[in-house]
Amino acid sequence: MTAPLKLSQQTVSQLAGRLCRREVSAREVLVGCLEQIQRVDGRIHAFISYDAADAMAQAEAADKALAAGVTHREKPLLGIPVGIKDVIAVRDQPLNCGSKILGQFISPYSATVIEKLKAAGAVVFGRLNMDEFAMGSSTENSAFGVTRNPWDLTRTPGGSSGGSAAAVAAGECIASLGSDTGGSIRQPAALCGCIGFKPTYGRVSRYGLTAFASSLDQIGPFAREVRDVATVLGVISGHDPRDSTSVPVPVPDYGAALQNPIKGLKLGLPKEYMIGGLNAEVSAAVQAAVKQFEKLGAEMVEVSLPHTDYAVAVYYIVATAEASANLARFDGIRYGARVDGVDPTDLYCKTRGAGFGAEVKRRIILGAYVLSSGYHDAYYLRAQKVRTLIRRDFLEAFEKVDAIITPTSPTAAFKIGEKTDNPLQMYLSDIFTISCNLAGICGLSLPCGFTASPKLPIGLQLLGKPFGEETILQLAHAYEQSTAWHKELPPETTG
Ligand code: GLN
């Protein structure tokens, strides 16, 4: 007999039902999360900090609304605790972006996604750990210490949204938000065995998301079931006049889309993705998932994404170029920490020298280099041209197929420290996730198996057309409901 799930391990849809029937209160659900944090977060360290009193006030407000008869039809996240990556602004809460450079900074305003979560009744709480300014794939580049994978404490949870993935996997919150510039939602979701969705560029407002690479960044949800991801995505999506890159297209009813049958949908298998570094167990799990989709009535089609080989190089030019410009604002004058100097230049140098970690400095230097006169055309301009070719590859493939299926990450969770000395090795682990951001399309990762020993989750990636979120959710839901991978609990969360 398996032990019954704790409150904090249940899904949004289960809890919504129970809250509505008044079987549990929002207060009890929050207490469940706080107790789980007490129990496991000393080892996992998904949270940088959390404000229990503020969260409790929100939960009590949710209980009042429930008592007054407000339903989850009106407020889909009423009473549901949702954790937030430390790169998204929440009014009156710390905003550090995993960095020392922001010092004691408290955000004076909330991101649009936070306002939307609160309007939907969510209990928004916690600052979830991340690689500094979202630069990394392992959550080891945080000024607040490493986050550990709930499946194996000697391994990373992936990154940069490692705290968001680990907290959901470990049952410390019911859902969470992360950000994805080159895989930072999908890769940690894969490595922690939960579901993560990077929406189409422009689907979700970036207002209040600290910019890393503005043409690639997108906020998205983590949860333990596809239905929950659909619910949170529906809440945070939509046009926002405060983000000029958000697109004014209507938001579909993502929950309703889950019911649509997947029979007859065409799934593309990119031939360029069967690379040498792909781990054999990951490859076998993805092939088994392909078979499962065929059983469910989907049709497999081979597709070609011929510019895949250039994706990592293009990404590390475009992303670092944009980062070097975006991070110029952290100068010791406008925000956070300051190290005084004899003149303003000295102050900038000292503040930035002391405030940024090694990886952020590496990216700023790379980015300034590729943008400098003499190199701009050879690197930045050329990378932008290849980026267009990468997008074109996808749009052509999507003329033949409804979605593309790939592994999320070439390996399961790697050891803490394994790749920190070799940045290139770390960058290569993003091979399957990066193109999606360059092309501006949407992508989801969901569990599709485990490695044998040690037992570590394996993630399957589904890539969709621009604003094709419904199809991806529909496919992911059908697969999930026909398998049991997502029901497995990491050892660190029990007891
Ligand atoms: N791992 C990639 C990087 O280091 C992607 C990060 C992200 O998506 N924020 O840049």
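Our subject is the structure that appears above.
Residues numbered from 1 in each chain as written. Predicted model: local features only at pLDDT ≥ 70, side-chain atom pairs only at ≥ 80, totals over all residues. Heavy atoms only, no water.

Draft legend 1. Just the overall build of the protein chain, in detail. Scanning the protein chain from terminus to terminus reveals 16 helices and 11 strands. The globule rule puts the C-alpha radius of gyration for 495 residues at 23 Å, and the 21 Å found for the protein chain is close to it. Counting only residues that meet the buried cut, the protein chain has 60% of its 495 residues in that class. Sequence separation of at least 24 residues holds for 76% of the intrachain contacts in the protein chain that already meet a minimum separation of 6. For the protein chain, the computed accessible surface area is about 18,200 Å², with 54% contributed by carbon and sulfur atoms. (Helix = DSSP H or I, 4+ residues; strand = E, 2+ residues; numbered from the N terminus. Rg over C-alpha atoms; globule rule 2.2 N^0.38 Å. Buried < 20%, exposed > 50% of the residue type's maximum accessible area, 1.4 Å probe, protein only. Contact = heavy atoms within 4.5 Å. Areas by Shrake-Rupley, 256 points an atom, 1.4 Å probe, with all protein chains shown as cover.)

Draft legend 2. Expanded view of the site of the ligand. Close to the ligand lie 15 residues; T181, G182, S184, Y315 and R363 are nearest. In the model, an oxygen atom of the ligand is placed 3.3 Å from a nitrogen or oxygen of the Y316 side chain. Contact distances for the ligand include 2.7 Å between an oxygen atom and a side-chain N or O atom of R363. With the chains in place, 100% of the 290 Å² that the ligand exposes on its own is no longer accessible. (Near = heavy atom within 4 Å. Polar contact = N/O pair within 3.5 Å; in protein donor to acceptor, adjacent residues only side chain to side chain.)

Draft legend 3. Quick peek at the pattern of salt bridges. Summed over all chains, the structure comprises 15 salt bridges. Of the charged contacts in the structure, one is a salt bridge between R91 and D92, with a shortest N-O distance of 3.9 Å. For the pair formed by R91 and D92, the shared burial category is exposed. A cluster of three or more residues bridged by salt bridges with shared partners is formed by R18, R21 and E23. (Salt bridge = Lys/Arg side-chain N within 4 Å of Asp/Glu carboxyl O.)

Draft legend 4. Region of the structure containing the nonpolar core. I88, L117, F133, F293, F394, L462 and L473 are the most contacted members of the largest nonpolar core, which has 152 residues in total. Among the elements that make up this core, the one with the highest residue count is helix α10 (residues 311–326) (10 residues). If we skip the residues at most four places from it in the chain, I88 touches L95, A111, V113, I114, R127, L177, G178, G208, L209 and I219. (Core = buried A, V, L, I, M, F, W, Y, C linked by side-chain atoms within 4.5 Å.)

Draft legend 5. Representation of the side chain of S205 in the model. If you trace the backbone, S205 turns up in the loop between β5 (195–198) and β6 (218–223). Residue S205 is classed as buried on the basis of its relative accessible area, which comes to 1%. Of the polar contacts made by the side chain of S205, one reaches the backbone nitrogen of Y207; its length is 3.0 Å. A distance of 2.6 Å separates the side chain of S205 from the side chain of D240, its partner in a polar contact. Apart from residues lying up to four places away in sequence, S205 is in contact with T112, V113, I219, G238, D240, D243 and S246.

Draft legend 6. Focus on the side chain of D86. In this fold, D86 is placed in the loop between β2 (81–85) and α4 (112–119). Setting aside anything within four residues of it in sequence, one finds D86 in contact with I48, P94, L95, N96, C97, G98, R127, L128 and M130.

Draft legend 7. Quick peek at the packing of aromatic side chains. Applying the stated criterion to the full structure yields 17 aromatic pairs. The interplanar angle of 75° and the centroid separation of 5.6 Å between the aromatic rings of F105 and Y335 together place this pair among those described as edge-to-face. Of this pair, F105 sits in the loop between β2 and α4 while Y335 is found in the loop between α10 and α11 (344–355), placing the two residues 230 residues apart along the sequence. Note on Y369 and Y379: the rings are 5.8 Å apart at their centroids and 50° apart in plane angle, and the pair reads as tilted. Residue Y369 is found in helix α12 (residues 358–371), and its partner Y379 is found in helix α13 (residues 376–400); the two are separated by 10 residues along the sequence. You can call Y369 partly exposed: its relative accessible area is 37%. Each member of the aromatic cluster is reached from another via a ring pair, and the members are F105, F133, F330, Y335 and F356. (Phe/Tyr/Trp six-rings, centres within 6.5 Å; stacked < 30°, edge-to-face > 60°.)

Draft legend 8. Summary view of the sheet that holds strand β11 (residues 457–464). Spatially, β1-β3-β2-β4-β6-β5-β10-β11-β9-β7-β8 is the arrangement adopted by the 11 strands of the open sheet, whose pairing is mixed. A single partner strand is all that each edge strand has here, and the edge strands are β1 (47–49) and β8 (299–303). Across this sheet, the average inter-strand angle for adjacent strands is 35°, counted without regard to direction. Bridge count between β2 and strand β3 (residues 123–128): 5 bridges; the pairing is parallel. Residue pairing in the sheet places K85 in a bridge with L128 of β3. Sheet contacts for α13: β7 (266–270), β8, β9 (403–407) and β11; angle to β9, the most-contacted strand, approximately 115°. (Pairing = 2+ DSSP bridges. Axes fitted to C-alpha atoms, helices over the stretch in contact; angles between N-to-C directions.)

Draft legend 9. Structural detail: helix α2 (residues 26–44). Along α2, the sharpest kink reaches roughly 45°, centred on Q38. Of the positions making up α2, those classed as buried are A26, V29, L30, G32, C33, L34, Q36, I37, V40, D41 and I44. Packed against the buried residues of α2 are α1 (12–20), β1, α3 (52–67), β2, β3 and α5 (162–169). One or two positions beyond α2, positive phi appears at H45, with a value near 55°. (Bend = angle between axes of the 7 residues up to and from the residue.)

Draft legend 10. Summary view of unusual backbone geometry. Looking along the chain, the bond that leaves G159 and enters S160 is cis, with omega of 5°. Structurally, S160 is set in the loop between β3 and α5. Of note, the amide linkage connecting S453 to P454 takes the cis form, showing an omega dihedral of 0°. On the secondary structure map, P454 appears in the loop between β10 (442–450) and β11. Positive phi, close to 60°, is recorded for T139, a residue that is not glycine. In this structure T139 comes out as buried when scored by relative accessible area, which is 0%. Despite not being glycine, F467 has its phi angle at roughly 60°, a positive value. Tracing the backbone through its elements, the reader meets F467 in the loop between β11 and α16 (469–481). On the accessibility criterion, F467 (29% relative accessible area) is partly exposed.

Draft legend 11. The arrangement of the environment of Y109 in detail. Within the element layout of this structure, Y109 appears in the loop between β2 and α4. The class for Y109 is partly exposed, based on a relative accessible area of 34%. With 63 residues separating them along the chain, Y109 and E172 place their C-alpha atoms 25 Å apart. Setting aside residues no more than four positions away along its own chain, Y109 makes contact with A89, V90, R91, Y207 and G208.

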